[in-house]
Amino acid sequence: MDSPMETQSPPQPESAAAVMEVEEQPENEADGEMEVLTARVKSLMDKITENSDNPSPILINAISTILESLESRYTNDQGQSSTFTSILGNAGRIMELIKENDAFFQLISSKILTDRRYSVSAKAATARLVFSCLPSWLYQLEDDVLDIIGGWVMDETTPDTLELETLQTYSIGALSRVFTLCLVCDSEPAERFLTSGLPAKLMQILRIEVLCAASSTSETKASLSKVGNKDITDLVKEFARAAEAEARASKSSEADISAAGVAAAEVVKSAAFEEYRKTNDENVAAYAAYKVASALIDDFNAVALSRYLNYFEGDWDHSNPEIDEDVGKFFVVDAESLSKLREKFCIQSLVCLLILWKDVDFLDSLLHEKAVDVCLALVQKCVGTDDGSNDYKLFWHDILKLVCELTEHEKFMVLFLDNGGLQKLLAGPRIPRSFHRLSSFLCTVTRDQSTMRCLCDLPSSVIRQVVELVFEILESEHEYYIARADVSSFLTSAFSYRAVLDVFDAHDGLEKLVNYLHHSASVTSGASTPLTYRQTQTAHETCAALHQYIRTQLLLFVDSILSVSSREPYKPINASNEAFDSLFRQIRNDEKLGATFIYCRWPSAYRFIRSNGHITLLELCQASQLTRTLQGSLQYIIEVLRILTLIRCIRSDIIDATLSNGRAAIAVVLDVINTPANFGPEIVDPALHMLVNLVCPPPFIPEDDFKDRAIADMEKCCCLARESICENNGIKILLRLLESRIFTSQADLVRRRVLTCRVLLGLAKDNSIARTLSKLELARRLLEINRDLGGKSSGIDEHNKWHAELDQLTIELISVTTNSGCASTVAADAFTPPLRRIEKAAIVEATPITYNPRELLVLIHGHLEASGLPESAAIVSKEAKLTDFQSSKEQIQLPCGRTPSGFFPDKSEGSSSSNQKHPVSRKNEPSTLPKIIIKLKDTPRKSKSLESEEAPPLIIRTPESDGESDIEILRPKKRKLTHSNEIGSERRLTLDSVMVEYLKLQHSKCSAPITTLPPLSLLHPHACPEPRQTLDAPTNMTARLRRCEVVGTAYGGIDVSRKDRRFVYSRFRHRETLYDKVDKSCLTSIAFIEDPTRVAACGFSRRLKFFDLSSATVCESSVCHTSDVTHLHSHSRLLLSSTSNEVCLWDGSSFAAHTFDGVKAARFDSQGTLFAALPSDSSLHEILLFDVQTLNLNTSLVDDTDSRVIRHENPYCEIHFGPLRYMLLWEGILWDYRSARPIHRFQEFTDLGGGGFHPAGNEVIINSEVCDLRNFKILRTVPSLHQTTIKFNSGGDVIYAILRRDRSDFKSAVNPRRMKHNLFSAFRTLDALNYTDIATIPIERCVLDFATEPTDSFVGLITMDNDGDMKGSLARIYDVGERNNPTDSDYGLQFNRNRNWNLNQNRNRNRDAEYDLHTVELDEDEEESEGNDYEETVNEDEEYESGSDLSLNIYRSEDEDN
């Protein structure tokens, strides 16, 4: 009978497939095959359990064979292997079957392994089965079982039998799987495995297996040759290995084993050569060698079989056919296969131990066992022996894992590199699956400078192979993103070394790196799904590598400019952030170095641009803003672009760059700056630096030096960059960033504002942009920022520098935007006060100051008397003839007694007159002249020339200022002094100069100083005459009416209409409160129709309600919509009601309605013949125009002219029709619907909500900006209109403003940030002619909607009934021009609160008026503004002469003195 057992390699879980007795069946018969195998396993388990005291190893090995065969088949089908592979296939079903049999499971998992009564053969077979089943059993092995298995591994006795080798081999395999399970389940095995020296023992076993086998194999290879052209090397090697295995199994020495291999090889070669000599046919000779080798191998197997059968000693009864049928063919592992398994199991166990105990250093014990030599031998074993099998690939992968884990230790890495380990790895097989391990090894090399020095010391050919491996991994078609990320990380660190950088450049590495990033960018921009985490990580590491490359190349470029000696290849180049900050400052301030960047070419940068690397980075930058997973790469992208913009010729390429979606490069960078909440200072700051490079020429180049072509080209690029920034709403973004406070760090906040001011200063070099910044009140914003910072620094020198630079930039911006020219000293003097003092200070400086010298002598006379020097006083009076002078003047009572502060009285002594607004000297009263303290500030003398000497500044302290707010006066150049005023080269401070400075200080306090003055008096306070026009209309209302009755309204005086408007539209009286007593649902919208007695309102009830104003009740009501109404708009008797998905057109007289589906936010044109609406689908960026008569769609206005603009739905934007009915405005776009194309797109200086056309027809309001429709330039900024919705009265001369809200979201009305706004519970009126405030009327309730009445007699509001309760809102009607009556029932209880509110607002406004700035630049064709926007309170003479009480409303009035 044939033997059911074969002595060959078993089918292993991670090995080649084996042949089963049951032949492979078609797929539809797979279930039948499993049923046969399951039945066989059950029968075998029953037989083993029945004879549990003496189980048959044959039966146990048969079960192991079945499991190994199934696992091997599944592994080959899937093309991969892992510890849990066997669980997924049919082998997992067998394992579960074994686990469910409690008796059998207990027998093999514990009893046989721990009980000494069982034979070694039974234990060996059980260890093999336990190894196969461990993935399914997880931790169901007891600790004592693991200790016994570990003891078999740690046994110092060399296994001298095949069964002991089998027991040791599978014990190592069982531990490897236990350790692997610990890794997967994140747990630690018993620490005793580490303390017992298990790692060293495993390395010892591996050393014996690898190094001894390598020596015998090398001797065998030396004797191999060819037969003719036929290579029989594989056949000879196989026969030699069989002979060595036989010798090893017979307990031969190592020398005998090697000799057996050599002799076996000689036998096969001799047979081949003899046959070749006879026939001269190489194929016949090879066949002869094959027959000899096969015969001898069969003999060796027969001997092994007999030896193995002797181990079972009668356990196997050949006379029992049932056993033969159940067992079938099973595999007995021979010595050679066991050797391979031990190598693999030792490697796997060591890898797991190195991972599990990373913090435990047992490297010395491994090095003692020649770990370096073992790894080198293992790597060498795989070099040039790739047979393409799965076993070979898995073995190479395990070797790389062991090497990578060992190289985590610096000592091992250095030894491995010094012994040629890197060269051997590079010569190994390039299997895509092993890329991850190779890349991990390269990353480990860069972690320490010592290992990188070893790498740089290698020949350039080796470094070239490393770079080629990097490119091979990056360009691999396989999706091994971890490997790509690792090699990119390797490049990031390796670029700091000149040796790697030179080889990288020699192989066009930059172009290849850019190509890979281009592929990532194209995938990102064209993919419908975002990148995976692995892809994102790879792109991030590649961007970091590119960033490091550009940085290092910049340093080398600067070294070449400065003629610095060449850097050593093995020393790292310092490319830290601190080093680059210093380099950037040097480039900016060093004229020689900065000029080089204007004229010289940087080769690396030009190669990058030729590869379109800048466009690739911009594509990734744009994608990173849309995909959060790419935001980590944004810092490197922006840094690279910032470095590139240092080069003059490259700036134009970046400015002109256009992305795949048509967007400009500047727009992408501005998007980064526009979202500082998402990006930290490490991203926003480099982006601002990049803009500074683009818009600002180097500071050392004169602005008028454009004769040089290079400098002219640079200025041209700056102009293009400024235009691009303005076209992409850059001014709006920069102003928002300037005022933002999202950074918690004070240092980050100041640094960001400094960089923003640099960009704005660069933009302001363009006159048109400077004018726009002036209209946007940049000076006011800067002064508010300065107040916000308070002039305080953090005490750190670096932070103090940023504060000082911010102050300097603020002064320069104010000087530029206010057109104050080169008056930097004047701007500096006016930096802390409001901006309008700049002009006044300039007038004061230019005014010659004179005084009567005799008045000074009078003061000296009084001072001498007060100081107790009457004789000296008498002499002065006599010589100066002061008696005659005083008799002609008003008698002055000089102070008596000695005063510690000079000849002026102390404040306490003049307390009786200290409260007088204009104190004058009176008889028997002390003088009330203010006290001044003047100090001369020490300044170094720059020249001895009297003509050019500058007077030192004076520090003047007045009663209005405390010690901390002394006024420093910058004195003009000193006039040439006479000999009496100087002694040698030193100048004296004369009493004359003190008096001149004192009088000049008084002159500077005048509200309207003049340049031509008579001699000023030292005895009385000075005040310039206030300008006043005699033709001005009276301020008092009664006086104006009387004058108009006499001479007519046309001759009533200047500004009579404006003053009447201010009087009428600052007074509103509550008339009625409208609500439905039946349906108490919220109202959200209100509108007046042609009939002045009725008002329409709508809301949550989805019903249109008409209220009768006479009875304050609902007169008509009708269901109009299926959802909440958001808008109401009326024209004459027509009415439009809108929801989020439909619009109804109503006839107010007949109450008839027509519904339009799919549209929202409808509004009539100025004639009432058309109405415009928006599509309900916000993705459709168009305006739909409907004819009111035909009820048909007239035209559609689609904005498709600029695909570069990324559009987002703005819930605050509504459609506005102009006075000319064919003009429309929506989202900042001006349309003429006759041509169905946009006319102009206004720049976004702020958001595009609110606003509308001015009824005069020449201006359009967009949020708080007023633009001219004739030239589309900004005219002014009106802060009072910011974030408001406006309506004009019927005359078009008054603007009503309420705080806007998102009408589609009712809850947004009570947003906490919105509730802090001063218009949350109020509305505002403004003069529509000059946009000055008239009044702010408090309502005490949240205002939701506002409507005007055609006759301007009433206004209507929708207010919430209770701000904390969103369940109720009411309609309120107010009379225009009538004062609120405190006795009204609706407001009687709230009158005092209103009064306090108004007074508080008045107090706050007066405080803020000090800092309020309003500068207006006028074009040649622009009329001069009526006046600046100042704040003041209502005067008592504004009221009726009949004695009516003072209005409590607060309003802004024009500066009548301008």
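Keep in mind the model is a prediction, meaning the values are calculated, not measured. (Residues numbered from 1 in each chain as written. Predicted model: local features only at pLDDT ≥ 70, side-chain atom pairs only at ≥ 80, totals over all residues. Heavy atoms only, no water.)

Engineer: Before we go on, may I ask you to explain the overall build of the protein in this structure?
Structural biologist: Scanning the protein for helices and strands turns up 51 helices and 39 strands. Taken over 1458 residues, the protein has a buried fraction of 53%. Counted over contacts in the protein with a minimum sequence separation of 6, partners at least 24 positions apart contribute 65%. Only carbon and sulfur atoms are counted for the fraction: they give 48% of the accessible area of the protein, which is about 66100 Å². (Helix = DSSP H or I, 4+ residues; strand = E, 2+ residues; numbered from the N terminus. Buried < 20%, exposed > 50% of the residue type's maximum accessible area, 1.4 Å probe, protein only. Contact = heavy atoms within 4.5 Å. Areas by Shrake-Rupley, 256 points an atom, 1.4 Å probe, with all protein chains shown as cover.)

Engineer: Teacher, can you tell me more about the sheet that holds strand β14 (residues 1113–1119) here?
Structural biologist: What holds strands together in a sheet is hydrogen bonding between their backbones, with the strands either parallel or antiparallel. Taking strand neighbours across the sheet as the criterion, the four strands line up as β11-β12-β13-β14 in an open arrangement whose pairing is antiparallel. A single partner strand is all that each edge strand has here, and the edge strands are β11 (1083–1088) and β14. For this sheet, the mean inter-axis angle between neighbouring strands, taken without regard to orientation, is 25°. When β11 meets strand β12 (residues 1094–1099), the two strands line up antiparallel, connected through five bridges. Bridge pairing in β12 links A1087 to A1096. (Pairing = 2+ DSSP bridges. Axes fitted to C-alpha atoms, helices over the stretch in contact; angles between N-to-C directions.)

Engineer: Quick question: what am I supposed to make of helix α23 (residues 460–474) here?
Structural biologist: When the terminal C-alpha atoms of α23 are compared, their 21 Å separation across 15 residues agrees well with the 21 Å that a helix rising 1.5 Å per residue should span. Taken together, the buried positions of α23 are V462, I463, V466, V467, L469, V470, F471, I473 and L474. (Expected span 1.5 Å × (residues − 1).)

Engineer: Can you walk me through unusual backbone geometry in this structure?
Structural biologist: In this structure, D508 is a non-glycine residue whose phi angle is positive, near 55°. As for its position among the elements, D508 is in the loop between α25 (498–506) and α26 (509–526). The phi dihedral of A1161 falls on the positive side, at around 50°, and the residue is not glycine. Mapping A1161 onto the fold places it in strand β19 (residues 1159–1164). Judged by relative accessible area, which is 10%, A1161 ranks as buried.

Engineer: Before we go on, may I ask you to explain the packing of helix α19 (residues 410–418) against helix α22 (residues 449–456) in this structure?
Structural biologist: To characterise two packed helices, one gives the angle between the axes of the helices and the distance between these axes. Running from amino to carboxyl end, α19 crosses α22 at an angle of 5°, the nearest separation of the two axes being 10 Å. Viewed along their axes, α19 and α22 adopt a mutual orientation that is roughly parallel. Contacts from E410, M413, V414, L417 and D418 in α19 reach S450, T451 and C454 in α22. Along the lines of polarity and charge, the residues of the contact of α19 with α22 split into four nonpolar, two polar and two charged. (Parallel < 35°, antiparallel > 145°, perpendicular 65-115°, else oblique. Nonpolar A, V, L, I, M, F, W, Y, C, P; charged D, E, K, R; others polar.)

Engineer: Explain the nonpolar core to me, please; I cannot follow it from the model alone.
Structural biologist: The tendency in soluble globular proteins is for nonpolar side chains to be buried side by side. Core analysis: the largest hydrophobic core is formed by 233 residues, its most contacted members being L206, L402, F441, L554, I1183 and L1224. With 12 residues, helix α15 (residues 335–356) is the single largest residue contributor to this core. If near-sequence neighbours (up to four positions away) are discounted, L402 is found in contact with L206, I347, L350, V351, L354, C375 and L378. The next biggest cluster of nonpolar side chains, apart from the first, holds 27 residues, and it includes M45, I63, I98 and L129. (Core = buried A, V, L, I, M, F, W, Y, C linked by side-chain atoms within 4.5 Å.)

Engineer: Quick question: what am I supposed to make of the packing of aromatic side chains here?
Structural biologist: In this description, an aromatic ring pair is defined by two values, namely the gap between the centres and the angle between the planes. Applying the stated rule across the entire model yields 22 aromatic pairs. Ring plane angle 55° and centroid distance 6.3 Å describe the contact between Y170 and F345, whose orientation is recorded as tilted. Within this pair, whereas Y170 is found in helix α8 (residues 162–184), its partner F345 is found in helix α15, the two being separated by 175 residues in sequence. By relative accessible area, which is 2% here, F345 ends up buried. Ring geometry for F1156 and F1171: centres 5.2 Å apart, planes at 70°, overall edge-to-face. (Phe/Tyr/Trp six-rings, centres within 6.5 Å; stacked < 30°, edge-to-face > 60°.)

Engineer: Mind showing me how you'd approach the pairing of strand β33 (residues 1322–1327) here?
Structural biologist: Each regular strand shows side chains that alternate between the opposite faces of the sheet. Extensive coverage of β33 is indicated by the burial of six of its six residues. Residues A1322, R1324 and L1326 point to one face of β33 and F1323, T1325 and D1327 to the other, with burial holding for every one of them. Relative to β33, strand β32 (residues 1294–1299) runs antiparallel, the two being bridged by four bridges. Pairing of V1294 across the sheet is with D1327, part of β33. Direction of pairing for β33 relative to strand β34 (residues 1333–1338): antiparallel, over a ladder of five bridges.

Engineer: What am I meant to see in the sheet that holds strand β22 (residues 1193–1198) here?
Structural biologist: Across the sheet, four strands lie side by side as β19-β20-β21-β22; this open sheet has antiparallel pairing. Looking at which strands have only one partner, the edges of the open sheet turn out to be β19 and β22. Strand after strand, the sheet turns through a mean of 25° between neighbouring axes, direction not considered. Looking at chain direction, strand β21 (residues 1182–1187) and β22 are connected through five bridges and run antiparallel. For F1186, the partnering residue across the bridge sits in β22 and is L1193.

Engineer: Got a minute to help me understand the packing of α23 against helix α24 (residues 481–494) in this structure?
Structural biologist: Interaxial distance between α23 and α24 falls to 9 Å at its minimum, and their mutual angle equals 145°. At the point where α23 passes α24, the crossing takes the left-handed sense. For the pair formed by α23 and α24, the contact residues are V466, V470, I473 and L474 on the first element and A483, R484, V487, S488, F490 and L491 on the second. Grouping the constituent residues of the contact of α23 with α24 by class yields eight nonpolar, one polar and one charged. (Left-handed = near helix turned anticlockwise from the far one by under 90°.)

Engineer: Explain the side chain of R1061 to me, please; I cannot follow it from the model alone.
Structural biologist: Within the secondary structure, R1061 sits in helix α49 (residues 1056–1064). When its relative accessible area of 9% is taken as the criterion, R1061 is described as buried. Among residues more than four places away in sequence, those in contact with R1061 are S1066, D1293, V1294, D1327, L1329 and I1334.

Engineer: Mind showing me how you'd approach the confidence of the model for the protein here?
Structural biologist: Reading fine detail from the predicted coordinates is not recommended where pLDDT is low. Mean pLDDT over the protein: 75, with 74% of residues reaching 70 or higher. Predicted confidence for residues 1385–1458 stays below pLDDT 50, and this span has 152 contacts to residues more than four positions away or in other chains. (pLDDT = per-residue confidence, 0-100.)

Engineer: Would you take a moment to explain the pairing of strand β36 (residues 1354–1362) for this structure?
Structural biologist: Where burial is concerned, most of β36 is hidden: seven out of the nine residues are buried. Here strand β35 (residues 1343–1348) runs beside β36; their pairing, made up of five bridges, is antiparallel. Across the sheet, residue V1343 finds its bridge partner in β36, namely T1359. Hairpin geometry of β35 and β36 is characterised by an intervening segment of five residues between the two adjacent antiparallel strands and by a positive phi of about 60° at D1352.

Engineer: Just to check I follow, could you spell out α8 for this structure?
Structural biologist: The periodicity of an α-helix, 3.6 residues per turn, causes residues three or four positions apart to be oriented the same way. The end-to-end C-alpha separation of α8 is 33 Å, in line with the 33 Å expected for 23 residues at 1.5 Å each. Within α8, 20 of the 23 residues are buried, which leaves it mostly tucked inside the rest of the structure.

Engineer: How should I be thinking about the pattern of salt bridges in this particular structure?
Structural biologist: Two side chains of opposite charge can pair, provided their charged atoms sit close to one another. Evaluated as defined, the whole model comprises 44 salt bridges. Of the charged contacts, one joins K1105 and D1076 as a salt bridge, the two residues approaching to 3.4 Å between their closest N and O atoms. With a gap of 29 residues between them, K1105 in strand β13 (residues 1103–1108) and D1076 in the loop between β10 (1068–1074) and β11 connect regions that are remote in the sequence. The buried category is assigned to K1105, whose relative accessible area is 1%. One salt bridge connects E1214 with R1163, and the closest N-O pair in it is separated by 3.3 Å. Note that E1214 is positioned in the loop between β22 and β23 (1216–1217) and R1163 in strand β19, a separation of 51 residues in sequence. (Salt bridge = Lys/Arg side-chain N within 4 Å of Asp/Glu carboxyl O.)

Engineer: Explain the state of the cysteines to me, please; I cannot follow it from the model alone.
Structural biologist: Should the sulfur atoms of two cysteines be covalently bonded, the bond is a disulfide. Here the structure, examined in full by the defined rule, presents zero disulfides. Looking at C1006, it has no disulfide partner, and the nearest cysteine sulfur is the one in C1024, 3.7 Å off. Judged by its relative accessible area of 6%, C1006 is buried. Cysteine C1098 shares no disulfide, and the gap to the nearest cysteine sulfur, in C1120, comes to 4.0 Å. (Disulfide = S-S within 2.5 Å.)

Engineer: Explain the environment of A200 here, please?
Structural biologist: Within the secondary structure layout, A200 lies in helix α10 (residues 198–222). The residues touching A200, leaving out its near neighbours within four places in the chain, are S365, L366 and E369.

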